[in-house]
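# Topology and contacts: notes
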Amino acid sequence: QLDAEEALRALRLDYTMLFTNPEGAVVSPYEACFKGSDDFDSSGLTFISPTALDAERVYRQLGLKPSGHSNESADHMGVETEFLGFGYEQLGGAGGTRERQRLATILEDFDRGHFLKWGAAFFSRVQNAAQTPVYRALGCLGVALAASERDVFAGCLAPCA
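The sections below set out a description of the structure shown in this document.

We now examine the overall build of the chain. Check the secondary structure of the chain and you find 6 helices and 0 strands. Starting at the N terminus and ending at the C terminus, the chain contains elements arranged as α-α-α-α-α-α. Put simply, 62% of the contacts in the chain that link residues at least 6 apart link residues at least 24 apart. In the structure as shown, the chain presents an accessible area of about 9,700 Å², 54% of it carried by carbon and sulfur atoms.

This is how it looks when you write it as structure tokens:
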């Protein structure tokens with residue numbers, strides 16, 4: 001059995017191998033890199049990802065702006081899943097049908113334009129490549145998240161009549 005220090009070391013090594021290995025990470029945590037090509041018009045932008053810019057556009061619809069505390073791009077999986085969590089929190093607290101519909105539309109647009117294009121494949125790769133039980137479990141949970149997001153479009157978010 002691993003002690004705490006060995007467990008943390010194993011997690012750090014797994015994280016590096018999965019996401020940040022300079023010799024080639026197994027899984028890119030950035031939507032634009034993960035997909036291999038942008039779905040959006042690059043408009044000649046060299047250093048700015050059109051995918052990240054579009055994600056930021058959606059985030060602003062819920063009043064979110066980059067905080068300056070994180071250097072992560074708007075198309076980072078952590079940022080995208082945090083946005084989904086925030087969006088669903090807002091949806092859960094929405095008072096009227098019109099506001100619920102507005103929030104549901106924003107979430108659906110984000111899912112269709114971003115998360116569902118790469119979420120299941122990203123988390124499946126994490127699950128299959130991880131060396132530690134923690135990252136394998138994270139991959140498994142992410143696969144379930146992606147499946148539940150697909151189910152949302154079967155009518156789960158539609159406002160009740």
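There's more to say after this.
Below, the discussion takes up the pattern of salt bridges. This structure, assessed with the given rule, holds 3 salt bridges. For the salt bridge of R102 with E99, the shortest nitrogen-to-oxygen distance reads 3.0 Å. Taken as a pair, R102 and E99 lie in helix α5 (residues 97-129) at a separation of 3 residues, close to a single helical turn.

Another point: helix α4 (residues 77-93). A turn of α-helix holds 3.6 residues, and therefore any two residues three or four places apart point the same way. Its 17 residues give α4 an end-to-end C-alpha distance of 24 Å, which sits within 8% of 24 Å, the value for a rise of 1.5 Å per residue. When we look at burial in α4, the residues that qualify are M77, E80, F83, L84, G87 and L91. Angularly, the buried residues of α4 cover 125 degrees about the axis, an arc narrow enough to put them on a single face. Every exposed residue of α4 that faces more than 90 degrees away from the buried side is listed here: E82, E89, G92 and G93.

If you check helix α3 (residues 50-61), its first and last C-alpha atoms are 17 Å apart, about what 12 residues at 1.5 Å a residue would give, namely 16 Å. Among the residues of α3, P50, T51, A52, D54, A55, V58 and Y59 are the ones counted as buried. Against α2 (31-35), α4 and α5 lie the buried residues of α3. The N-cap residue of α3 is S49: its side-chain oxygen and the backbone nitrogen of T51 are 3.1 Å apart. Just beyond α3, the residue with positive phi is G63, at close to 80 degrees.

What tends to happen in soluble globular proteins is that the nonpolar side chains get buried as a cluster. Counting 28 residues, the largest nonpolar core has L18, F19, F83, F110, F115 and F122 as its most contacted members. In terms of residues, this core owes the most to one element, α5, which gives 10 residues. Setting aside residues up to four positions removed in sequence, F19 forms contacts with A25, V27, P29, F122, V126 and Y135.

Now for the side chain of E80. Within the element layout of this structure, E80 appears in helix α4. A polar atom in the side chain of E80 sits 3.1 Å from the side chain of W118. If we ignore the near neighbours within four places in the chain, the residues touching E80 are E31, Y59, A74, D75, F110, H114, F115 and W118.

For any two helices packed against each other, one specifies the inter-axial angle together with the distance between the axes. Where helix α1 (residues 4-20) meets α5, the closest approach of the two axes is 11 Å, and the angle between their N-to-C directions is 140 degrees. Here α1 is positioned oblique relative to α5, judged by the angle of their axes. The interaxial crossing formed by α1 with α5 has right-handed handedness. In contact with M17, L18 and F19 of α1, α5 contributes F122, V126 and A129. For the contact of α1 with α5, the per-class residue count stands at 6 nonpolar, no polar and no charged.

Contact pair α4 / α5: the axes reach a minimum separation of 10 Å and the direction vectors enclose 150 degrees. On the basis of their axis angle, the class for α4 and α5 is roughly antiparallel. Crossing angle aside, the handedness with which α4 passes α5 is left-handed. Here the contact of α4 with α5 is built from residues that sort into 14 nonpolar, 5 polar and 3 charged.

Here is what the cut-offs are and how they apply
- Residues numbered from 1 in each chain as written.
- Predicted model: local features only at pLDDT ≥ 70, side-chain atom pairs only at ≥ 80, totals over all residues.
- Heavy atoms only, no water.
- Helix = DSSP H or I, 4+ residues; strand = E, 2+ residues; numbered from the N terminus.
- Contact = heavy atoms within 4.5 Å.
- Areas by Shrake-Rupley, 256 points an atom, 1.4 Å probe, with all protein chains shown as cover.
- Salt bridge = Lys/Arg side-chain N within 4 Å of Asp/Glu carboxyl O.
- Expected span 1.5 Å × (residues − 1).
- Buried < 20%, exposed > 50% of the residue type's maximum accessible area, 1.4 Å probe, protein only.
- Arc of directions from axis to C-beta.
- Polar contact = N/O pair within 3.5 Å; in protein donor to acceptor, adjacent residues only side chain to side chain.
- Core = buried A, V, L, I, M, F, W, Y, C linked by side-chain atoms within 4.5 Å.
- Axes fitted to C-alpha atoms, helices over the stretch in contact; angles between N-to-C directions.
- Parallel < 35°, antiparallel > 145°, perpendicular 65-115°, else oblique.
- Left-handed = near helix turned anticlockwise from the far one by under 90°.
- Nonpolar A, V, L, I, M, F, W, Y, C, P; charged D, E, K, R; others polar.

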